[in-house]
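Examination of the molecular architecture
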Amino acid sequence: MTFNIDFLAWRKIAIIFSSIFLVISIGSLIFKELNYGLDFTGGTLVELSYPEAADISEIRGTLIEGGFEGAQVANFGSSQEVLIKLPGTISDTLGSEIVSLLSSTNLNQEIDLRRIEYVGPQIGSELRDDGGTAMLIALAFMMLYIAFRFQSMFAGAAVIALIHDVVIVVGIFSMIEIEFDLTVLAALLAVIGYSLNDTIVVSDRIRENLRSLETDSTSEIINTSLNQTLGRTLITSLTTLLVLFSLYFLGGELIKNFALALIFGVIVGTYSSIYIAANALVMMGLTKDHLKVEEPENADNNPLP
Amino acid sequence: MKRYGLWKYLLILLVLGFGVVYSLPNLYAPDPAVQVSYTSSSQTADGFLADNVREIVAQQDLVTKVELENDYVLVRTDTYQNQLIIKDLLSANLTNDVVIALNLAPTTPRWLMDIGANPMKLGLDLRGGVHFLMQVDTETAIKNRQDGTLQDLRIRFREEKIRYSQAVVQDDSSIYLKFNSLQAQEDAEDYIKDNYTQFNLPLITDTDNGLLLSLSEAEIDQIESDAIDQNLTTLRNRVNELGVSEPIVQRQGKKRIVVQLPGIQDTAEAKNILGKTATLEFHLEAQMDTPRSRKTSYPYRNGRGAPAFLQDSIILGGDQVATAQASFDENGLPQVNITLDGEGGSKMHRATRGNIGKRLGVLFVEQKTRTIYERDLEGKQIPAQETYEVKEIISLATIRAALGTTFRITGLDSPSESSELALLLRAGALAAPMTFVEERTVGPSLGADNIQAGVFSMQLGLFLVLAFILFYYRIFGIAASLALTFNIVLLVAVMSILSATLTLPGIAGIVLTVGMAVDANVLIFSRIREELKRGREPLEAIDAGYNRAFLTIWDANVTTLIVAVILLSYGTGPVKGFAITLSIGIITSMFTAIMGTRAFVNLIYGSKKNLERISI
C-alpha cells in the first residue's frame, strides 16, 4: 500500500473535530457521569439461569414482597438469564438470601446459580482509587520512557494523544451508558498501551526521516512519515479489530464491555496517532535541530537481536 | 543477506520443542474426581482406606477408578453428576474422621508429569467456586491485648502495694491509670518502665496523679501481624473441614485475607464455617464473695442450663486452643478432649490448681453484624453496618484436678452435644474478628460457559487473523502465521510452567495478543516492501526490513509491557488475569515474530543466490 495523502491539510478540521468530541465527552462525564459497575459502587449482584424464559416482572414482584425494594432486575444475554443488582448495599448475605427466596417461591423450576458478587463499600472506593492511580502512573511512565528514547516533545505529543483517547473512550461509555467496571478499566489501560504503540511507530518514522530526508520542512517530513506508516497502522488496527469483534460476539457477556472499550479505543487511538500526536509535534515546533544533540547513531545501524 | 547461524536454528527448535511439551498437558481434560483423606494430618491414606472406598463405590454402577495417591485416595469418574453421587455415597458410608473433597484430577500422562509439565491452573471464573476477601478487625486484637495487660497490672500493683483508684482501657486502646498519691504514681511509672517494654516512652502523666499507657508503633504492628497469622492458620483449618482441594488462603495487604475455594457450590455453608467470627474465653465461675464489679452473668447457649456468673478476668483465649476432639470416655459416655498450646497450658495450670472443686466456664463470643439505619443531616435514612457481640456459655464444668495442656470435659448429654462443643472450641481460635468485604461466587455452569466462550472467541480470532495475513502476505504470511500459532503455544507453556492462573480476562488477553502480535510482522513486512520499492535486491530488502523495524518493535513492545506491569501491580482479580497473559504474550511474541519468522524466511530464501522476487 502506498499513500500520498496530505494529512496536515486536514489538521484544522481534525483539531476542531477532536475538540468538539472532547467537550462532549467531558460534558457527558460531568453531567451524566459514568455508569459505574458493582466493582466501584459496592453492592450485591446475583445472576441466575432459569430453564425457560424468565418472567422478569414476577421476579421483581417476589423480590419486593421479600423486602428487596431497590433490586434492579433485567435479562442478561438471553431470556433465561436474569441479573439482579442491589447497588450500594452493605450486607454480605443478601446474595444468598435472594437465591433462597427465589428458589423457594419457584419450586417447580430448577434455578441454576450462575454467580453472586458482593463488593463492600470500602473495597469499591479503593478499587476506584487504585484504578485512577494505575492510570496516572502508566501515563507518567510512558512520558518518561518516550522522553528517554526519543525527545521530550515526542513525549508531550504522545501523552496529549493518550489523554485524548482515554477521555473520549470514557466519554463514549458515559454517553451510551455502558457499565464501567474493573474489566473496562483494564481495557482502558490496554488502550493506552495500544494507542502508544501506534504513536511510537509514527514517531519513530518521523525521527528517522528528520535525520535522513533532505527537506527542512517539518510538516512535509511528518506528512511523509504518516503516509509511510499508514499501511502498517491500518493493517494492525484491522487485525486487532478482528480479534476484538470475535471477543465481542463470542466471548460471552462478561467480556462484552471489555471488548467494546477496546474497539472504541483502537479506532480513536489509530485516529489520534495520525492526527493528534503528529499535529502536536508540528504545533510544538519540532525541527531537525531538536534531534541534532541526540545520540549520533542511526536506527538503521542497530544490530539484530 | 546475513547468514543465519546454525545455533540460532537450534535455539529456535529447542524453544519450540520445549513450548510444545510444556503446553501439552493442557490438552488433557481433567477427570471429575472425589478425594478422600484423613482429617488428622498424622494419619496418611493407606490401602485399607482405598479398599474401603473401593467397596463403597462398588455399590453403585458407575464408571470409576480408585487410586491411592501420596496422602489421599482418589476416585475418578466420568461426569460431574457422578462426582456428586460418589461424594454423597462416601459421606454417608465413611466414618467421620475423613475429609471428602471434590476435585478435578489431571489426566496428564506420567512421562509429562515426571518432567514437571502440568496444566495451567484455571481461575474461579472458569472452574466455578468462591472467592472471599475478609477484613481482619485488628483493633479488637489490640484492645484485647491491653485488657490482658491491665488485668496483669492490677495483680502486680496489689503485690507491689501500689494503690490506684482507677484503671481502664480507653476507646483508643490506651490504658489510663489513676493513683492515690504522687508517690504511688511515681512508683508505678518506675515499675512499668522496668517490666513492660511495649509502651511509648516517656509515659504521659497528668496533674491528677494519672498515667497514660499507649502501645508503641512496633508493638501494634506485631500484634496486628500476629492476629493475621493466627487467623490465617484458623481459616486454613476451617477450609480443611470444608473439604476443598487446592484452596487458597493468603494474606492480602495489611489487614486482609483472601480465601478462594474452587468447586464449592454451597456458598452459604462455606460462609457459615469461615465466617464464624467467634472467639473463646475461659473464665472461672464467680463465687458468692466475688464483688459485683468483677463478675458478669451470661446466658447458657441454646438454653441448656441456667445463666451463671463468671469472673471477668480471662484465664486464656481461644487462640491458645490447639485442638478439640469429641470422643467417648472409658464408660462410653461422650466427652471432649482439649489440647492447649504450651503457654495456655501453664496459664490453665496456674488458674486451676488453687480452684479444684470450682467450675470452669467456656464463653463463646460471636461477632455479628446487622444493618442499622441512621438519619443523615438531611434526614435521609442511610444504612450502616454495626457489629455487636453475643456472649454465651458453652460449657461450665467442675474442675476435678489441676489442669495442664491436655484435659477433657465430661458430663455431656449426648454425642451430638460433644461434637458440637468440640467444633465450637476449634472454631474459636480466631485472634481477631473478621468481616466479609468482598465475595465473588461463580457457579459451575457459568464457569463451563466461560471456558467455551473464551475458546470459541480465541479460535475465531486466530482464524480471522491467520486468513487475513495469509491472503495479504502470502509466503511471508505463512511465516507470520506459524509465528502467531507458536506464540500461543509458547504463551500457554510459560503460563503452565509459572503455574499462573488462567481467567476469562486472561483469555481475552491472549486473544488480544493474537491481534497485536501480528504488528511486529506487519512492521517488518511493510519495511521489506518499501525497501523493494526503492529498488533493493530481495535479500538485501529482507535484511534491511528486519534491521530497521527492530527498534520500532522494541519501543512499541516495551511501552505496552510497562502498561501491563503497572496493571499487574495495581490490579486485582480480573485486571490481574488480563495483565499476566498480556505481559507474557508480549515477551513471547517478540521472540516468535522476530526470530521465528526470520528463521523461516531464511530457510526458504536464504540459500537461493540471485533471488529475483519474493512473495510478500
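Note on numbering: residues in each chain are counted from 1, in written sequence order. Here the convention is simple: chains get letters from A, ligands get numbers from 1, in the order in which they are written. It should be noted that, the model being predicted, local features are given only for residues of pLDDT at least 70 and side-chain atom pairs only at 80 or more, the latter also being counted only at that level, while totals for whole chains, interfaces and linings use all residues. Computation of side-chain values covers all heavy atoms of the structure but excludes hydrogens and water.

1. Focus on helix H12 (residues 444-497) of chain B
Worth spelling out the cut-off: Here a helix means four or more residues in a row that DSSP labels H or I, a strand means two or more in a row labelled E, and each is numbered from the N terminus. By definition here, a helix of n residues has an expected span of 1.5 Å times n minus one.
For H12 of chain B, which comprises 54 residues, the first-to-last C-alpha distance of 26 Å sits more than 12% below the rise-based estimate of 80 Å (1.5 Å per residue). Two residues or fewer after H12 of chain B comes Ser499 of chain B, characterised by a positive phi angle close to 35°.

2. Quick notes on the packing of helix H5 (residues 121-149) of chain A against helix H6 (residues 152-175) of chain A
Residue and element names in this part refer to chain A. This is how it is decided: A fitted line through C-alpha atoms represents every axis, and for helices the fit uses only the stretch in contact; the resulting angles, taken between N-to-C directions, go from 0 to 180 degrees. Our angle categories are set so that under 35 degrees counts as roughly parallel, over 145 as roughly antiparallel, 65 to 115 as roughly perpendicular, and the remainder as oblique. Helix crossings fall into two classes, left-handed where the near helix is turned counterclockwise from the far one by less than a right angle and right-handed where it is turned clockwise. In this description, contact between two residues means that some pair of their heavy atoms is separated by no more than 4.5 Å. Nonpolar residues are Ala, Val, Leu, Ile, Met, Phe, Trp, Tyr, Cys and Pro. Charged residues are Asp, Glu, Lys and Arg, and all others, Gly as well, are polar.
Between H5 and H6, the least distance of the axes is 7 Å, while the angle of their chain directions is 150°. With respect to their mutual orientation, H5 and H6 come out roughly antiparallel. The hand of the H5/H6 crossing is right-handed. Between H5 and H6, the contacting residues are Met135, Leu139, Met142, Met143, Ile146 and Ala147 on the first element and Ser152, Phe154, Ala155, Ala158, Val159, Leu162, Ile163 and Val166 on the second. Of the residues contributing to the contact of H5 with H6, the split by class is 13 nonpolar, one polar and no charged.

3. Here's the deal with the nonpolar core
Filter applied, for reference: To qualify as a nonpolar core, a set must consist of buried Ala, Val, Leu, Ile, Met, Phe, Trp, Tyr and Cys residues joined through side-chain atoms within 4.5 Å. Buried, partly exposed and exposed residues are distinguished by accessible area as a fraction of the type maximum, computed with a 1.4 Å probe on protein chains only: under 20%, between the cut-offs, and over 50%, respectively.
By size, the foremost hydrophobic cluster in this structure holds 140 residues, and its most contacted members are Phe476 and Ile528 of chain B. No other element matches helix H7 (residues 182-212) of chain A, which puts 17 residues into this core. Not counting residues within four places of it along the chain, the set of residues in contact with Phe476 of chain B comprises Phe525, Ile528, Ile542, Val601, Tyr605, Ile614, Ser615 and Ile616 of chain B. With 42 residues, the next largest nonpolar core counts Phe132, Phe199, Leu215 and Val244 of chain B among its residues.

4. What about the interface of chain B and chain A?
We count it as follows: When two components associate, each loses some accessible surface as probed by a 1.4 Å sphere; the sum of these losses over both components is called the buried area. Think of a salt bridge as a Lys or Arg side-chain nitrogen and an Asp or Glu carboxyl oxygen that are within 4 Å of each other. Think of a polar contact as two N or O atoms within 3.5 Å of one another; within protein, one of them needs to be a possible hydrogen donor and the other a possible acceptor, and neighboring residues in sequence only count if both atoms come from side chains. If DSSP finds at least two bridges between two strands, the strands pair.
Between chain B and chain A, the residue contacts involve 74 residues of the former and 73 residues of the latter. Note on chain B versus chain A: buried area summed over both sides is about 6500 Å², and carbon and sulfur give 63% of it. Ranking the residues of chain B by area buried against chain A places Arg440, Asp555 and Tyr570 of chain B at the top, with a combined share of 9%. Seen at the junction of chain B and chain A, the total is nine salt bridges. When the shortest N-O distance is used, the salt bridge between Arg527 of chain B and Glu208 of chain A registers 2.7 Å. At the boundary of chain B with chain A, the tally comes to 22 residue pairs in polar contact (both at pLDDT 80 or more). Counting residues per element, the ones that place at least two in the side of chain B that touches chain A are strand E6 (129-136), helix H9 (267-275), strand E20 (381-398), strand E22 (434-442), H12, helix H13 (504-533), helix H14 (538-570) and helix H15 (573-605) of chain B. The class makeup of the residues in the side of chain B that touches chain A is 40 nonpolar, 17 polar and 17 charged. Taken together, the five bridges between strand E4 (residues 112-119) of chain A and E22 of chain B define a ladder with antiparallel strand orientation.

5. Observations concerning the pairing of strand E1 (residues 31-38) of chain B
Residue and element names in this part refer to chain B. Among the eight residues that make up E1, seven are buried, leaving the element largely enclosed by the rest of the structure. Of the pairings in the sheet, the one linking E1 to strand E4 (residues 98-105) comprises eight bridges and is antiparallel in character. Its bridge partner being in E4, Asp31 is matched across the sheet by Ala105. The pairing of E1 with strand E3 (residues 73-77) spans four bridges and is classified as antiparallel. Paired with Val36 across the two strands is Val73, which belongs to E3.

6. Side note on the sheet that holds E1 of chain B
All names here are of chain B. Taken in spatial order, the four strands of this open sheet run E2-E3-E1-E4, and their pairing is antiparallel. On the outer flanks of this sheet lie strand E2 (64-68) and E4, each paired with one strand and no other. Strand-to-strand, the axes of this sheet are offset by a mean angle of 20°, without reference to chain direction. Taken strand by strand, helix H2 (residues 47-58) contacts E1, E2, E3 and E4, and its axis lies near 170° from that of E2.

7. Brief notes about the confidence of the model for chain A
All names here are of chain A. Applied cut-off: The pLDDT score gives, residue by residue, the confidence of the prediction method on a 0 to 100 scale.
Across chain A, the average pLDDT comes to 86, with 94% of residues at 70 or higher. Taken element by element, the predicted model of chain A shows its lowest mean pLDDT in helix H10 (residues 289-292) (73) and its highest in helix H1 (residues 11-31) (93). Counting contacts from residues 294-305, a segment whose pLDDT is below 50, to residues more than four positions away or on other chains yields 21 contacts.

8. Structural notes on the pairing of E22 of chain B
All names here are of chain B. Counting buried residues along E22, eight of its nine residues qualify, which places the element largely inside the surrounding structure. Two strands pair when backbone bridges link them, and E6 and E22 are joined in this way by eight bridges, in the antiparallel orientation. The partner of Gly129 across the bridge, within E22, is Val442.

9. Thoughts on the sheet that holds strand E11 (residues 248-252) of chain B
Picture the strands of a sheet paired through backbone hydrogen bonds; they go either parallel or antiparallel. Read across the open sheet, the eight strands follow the order E2(A)-E3(A)-E1(A)-E4(A)-E22(B)-E6(B)-E12(B)-E11(B); overall the sheet is antiparallel. Both edges of this open sheet fall to strand E2 (72-76) of chain A together with E11 of chain B, since each of them pairs with a single strand only. This sheet shows a mean twist of 20° between the axes of neighbouring strands, independent of strand direction. In the packing of helix H3 (residues 56-65) of chain A onto the sheet, the strands contacted are E2 and strand E3 (78-87) of chain A, and the crossing angle to E2 of chain A comes to about 150°.

10. Some remarks on unusual backbone geometry
In this model, Glu33 of chain A sits at a positive phi of 60°, which is unusual for a non-glycine residue. Residue position: Glu33 of chain A is located in the loop between H1 and helix H2 (38-41). Positive phi values are uncommon outside glycine, yet Arg474 of chain B reaches one of about 45°. Structurally, the position occupied by Arg474 of chain B is in helix H12.

11. Remarks on the pattern of salt bridges
Using the criterion set out here, one finds 35 salt bridges over all chains in the structure. We note a salt bridge from Asp204 of chain A to Arg207 of chain A, for which the minimum N-O separation is 3.1 Å. Residue Asp204 of chain A and its partner Arg207 of chain A are located together in helix H7, separated by three residues, close to a single helical turn. The same class applies to Asp204 of chain A and to Arg207 of chain A, which are both buried. A salt bridge links Glu224 of chain B to Lys254 of chain B, with the shortest nitrogen-to-oxygen separation between them at 3.8 Å. Of this pair, Glu224 of chain B sits in helix H8 (residues 217-242) while Lys254 of chain B sits in the loop between E11 and strand E12 (256-262), placing them 30 residues apart in sequence. Exposure remark for Lys254 of chain B: the relative accessible area of 53% places this residue in the exposed category. A single network of salt bridges, built from pairs that share partners, joins Asp39, Glu47, Glu81, Arg114, Arg115 and Glu117 of chain A together with Glu438, Arg440 and Asp449 of chain B.

12. A look at the side chain of Thr560 of chain B
The topology assignment puts Thr560 of chain B in helix H14. With sequence-adjacent residues up to four places away left out, Thr560 of chain B is seen in contact with Gly193 and Asn197 of chain A together with Met516 and Ile586 of chain B.

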